[in-house]
Amino acid sequence: MRKPVIAGNWKMYKLVADAVATALALKPLVANANHCEVLIAPPFTAIKTVADRLEGSNVRVAGQDCSTESEHGAHTGEVAADMLRDAGASYVIVGHSERRQLYSETDTFVNRKARVGLAAGLTVILCIGETLEQREGGIAERVVSRQLTGGLRDLTASDLDRIIIAYEPIWAIGTGLTATPEQAQEMHAFVRRVFAERHSEPSAGRLRILYGGSVKPDNITGLMKQTDVDGALVGGASLEAETFAQIVNYNR
Ligand code: 13P
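*Asks:* Give a detailed account of the overall build of the protein, specifying residues and quantitative values.
*Replies:* Each helix and strand in the protein was counted, giving 12 helices and 8 strands. Relative to the 2.2 N^0.38 estimate, which gives 18 Å for 252 residues, the radius of gyration of the protein is 17 Å and therefore close to what a compact globule would have. Taken over the C-alpha atoms alone, the protein extends approximately 45 × 45 × 35 Å along its principal axes. The proportion of buried residues among the 252 residues of the protein is 55%. Nonlocal contacts in the protein, meaning residues at least 24 apart in sequence, comprise 72% of its contacts between residues at least 6 apart.

Okay, here's the thing in structure tokens:
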């Protein structure tokens, strides 16, 4: 019922030639992956070329971020959501923990990005997740719940069907420490419960919740077996086509 999503976040890696080479290598390796949506998020500079080269394939393209502003104007350095769409992206990631931690993005800011992304016709991947201190301090659920409700504020019921949540515990990102499948399941079930309370049971039932944080070919299957894990947002292991394809083609 919920179609899984396996997404690769390339972060600030890859010049255009490398991005295209990786995308073209990936294309045939995942051509039969009808069980899930496959997407990659190249850096802004490579989106257009990668999207053009992937046209007609089952690999979709995402932006890693977008501006809070929807009107084109004097916002040096910003990329508007409709520019992403124009370049060939159909998804956008907002609220990644690296944006929150390194660039001080707040829930209000992330919420604006989600809204402009949706208004531009993109599917929005909203990232949430706690730090190690927050988990050890017993406030992980409180933090995640605040990020979820703050990030989704003022969205309409139809908007919610174009929202994907990525739960990425910060302590598991790029550290090689993955949440256990049970830890992921526990938080995903909590997220779905909060979503159901705030919105509705049917939309919570349709919500895809991805796990992110050191996802690799050898741990994807255990994660995907969990009832509330509907896919993965993969960083490091998505940079290489063969490794990422192994994750996409996990054992089902
Ligand atoms: P890693 O898979 O490298 O831990 O990164 C996860 C991530 O931040 C994806 O957005």
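*Asks:* I'd like to hear about the environment of Ile40, residue by residue, with values.
*Replies:* You can see Ile40 is positioned in strand 2 (residues 37-41). The buried category is assigned to Ile40, whose relative accessible area is 0%. Sequence separation of Ile40 and Thr106 is 66 residues, and the distance between their C-alpha atoms is 25 Å. Ile40 has contacts with Gly8, Trp10, Ala23, Leu26, Val50, Leu54, Val59, Arg60, Val61, Ala62 and Phe244, leaving out every residue within four places of it along the chain.

*Asks:* Tell me about helix 1 (residues 16-29), residues and numbers included.
*Replies:* Compared with the 20 Å implied by 1.5 Å per residue over 14 residues, the 20 Å span of helix 1 between its first and last C-alpha is a close match. Buried residues along helix 1 sit against strand 2, helix 2 (44-54), strand 3 (59-63) and helix 12 (241-248).

*Asks:* Break down the site of the ligand for me, citing the residues and quoting the values.
*Replies:* In the vicinity of the ligand, the contacting residues are Asn9, Lys11, His96, Glu168, Ala172, Ile173, Gly174, Gly213, Ser214, Leu233, Gly235 and Gly236. Between the ligand and Glu168, the relevant distance is 3.0 Å, taken from an oxygen atom to a side-chain nitrogen or oxygen of the residue. The backbone of Gly235 places a nitrogen or oxygen atom 2.9 Å from an oxygen atom of the ligand. Taken by itself the ligand offers 310 Å² of open surface, and the protein chains cover 97% of this.

*Asks:* Describe in detail the sheet that holds strand 6 (residues 163-167), supporting the description with residues and values.
*Replies:* The 8 strands are arranged 1-2-3-4-5-6-7-8 in a closed barrel whose pairing can be described as parallel. Each strand of the sheet is rotated relative to its neighbour by a mean of 25 degrees, with strand direction disregarded. Sheet topology note: the strand 7 (residues 208-212)/strand 8 (residues 231-234) ladder contains 2 bridges and is parallel. When the bridges of strand 8 are listed, Tyr211 appears paired with Ala232. The strands touched by helix 2 within the sheet are strand 2 and strand 3, with strand 3 carrying the most contacts at an inclination of about 165 degrees.

*Asks:* Give me the packing of aromatic side chains: which residues, what numbers.
*Replies:* Enumeration according to the criterion identifies 1 aromatic pair in this entry. In this structure, Arg99 is placed above the aromatic ring of Tyr103, and the distance from its NZ or CZ to the ring centre is 4.2 Å. Seen from the ring of Tyr250, Arg252 lies directly overhead, with NZ or CZ sitting 5.8 Å from the centre.

*Asks:* Could you give me a rundown of unusual backbone geometry, with the residues and numbers involved?
*Replies:* Glycine aside, a negative phi is what most residues show, and trans is what most peptide bonds show. We note that Ser104 has phi near 55 degrees; this positive angle belongs to a residue other than glycine. Topologically, Ser104 is positioned in the loop between helix 4 (97-102) and helix 5 (107-119). For Ser104, a relative accessible area of 57% translates into the label exposed. The phi torsion at Asp154 lies on the positive side, around 65 degrees, for a residue other than glycine.

*Asks:* Account for the packing of helix 7 (residues 140-151) against helix 9 (residues 181-198), with residues named and values stated.
*Replies:* One can describe the packing of helix 7 onto helix 9 by two numbers: an axis separation of 10 Å at closest approach and a directional angle of 45 degrees. Overall, the two elements helix 7 and helix 9 adopt an arrangement that is oblique. Seen along the crossing, helix 7 lies across helix 9 with a hand that is right-handed. Contact residues: helix 7 offers Ala140, Glu141, Val144, Ser145, Leu148 and Thr149, while helix 9 offers Met187, Phe190, Val191, Val194, Phe195 and Arg198. Within the contact of helix 7 with helix 9, the residues separate by chemical class into 8 nonpolar, 2 polar and 2 charged.

Analysis parameters
- Residues numbered from 1 in each chain as written.
- Predicted model: local features only at pLDDT ≥ 70, side-chain atom pairs only at ≥ 80, totals over all residues.
- Heavy atoms only, no water.
- Helix = DSSP H or I, 4+ residues; strand = E, 2+ residues; numbered from the N terminus.
- Rg over C-alpha atoms; globule rule 2.2 N^0.38 Å.
- Buried < 20%, exposed > 50% of the residue type's maximum accessible area, 1.4 Å probe, protein only.
- Contact = heavy atoms within 4.5 Å.
- Expected span 1.5 Å × (residues − 1).
- Near = heavy atom within 4 Å.
- Polar contact = N/O pair within 3.5 Å; in protein donor to acceptor, adjacent residues only side chain to side chain.
- Areas by Shrake-Rupley, 256 points an atom, 1.4 Å probe, with all protein chains shown as cover.
- Pairing = 2+ DSSP bridges.
- Axes fitted to C-alpha atoms, helices over the stretch in contact; angles between N-to-C directions.
- Phe/Tyr/Trp six-rings, centres within 6.5 Å; stacked < 30°, edge-to-face > 60°.
- Lys NZ or Arg CZ within 6 Å of the ring centre and 35° of its normal.
- Parallel < 35°, antiparallel > 145°, perpendicular 65-115°, else oblique.
- Left-handed = near helix turned anticlockwise from the far one by under 90°.
- Nonpolar A, V, L, I, M, F, W, Y, C, P; charged D, E, K, R; others polar.

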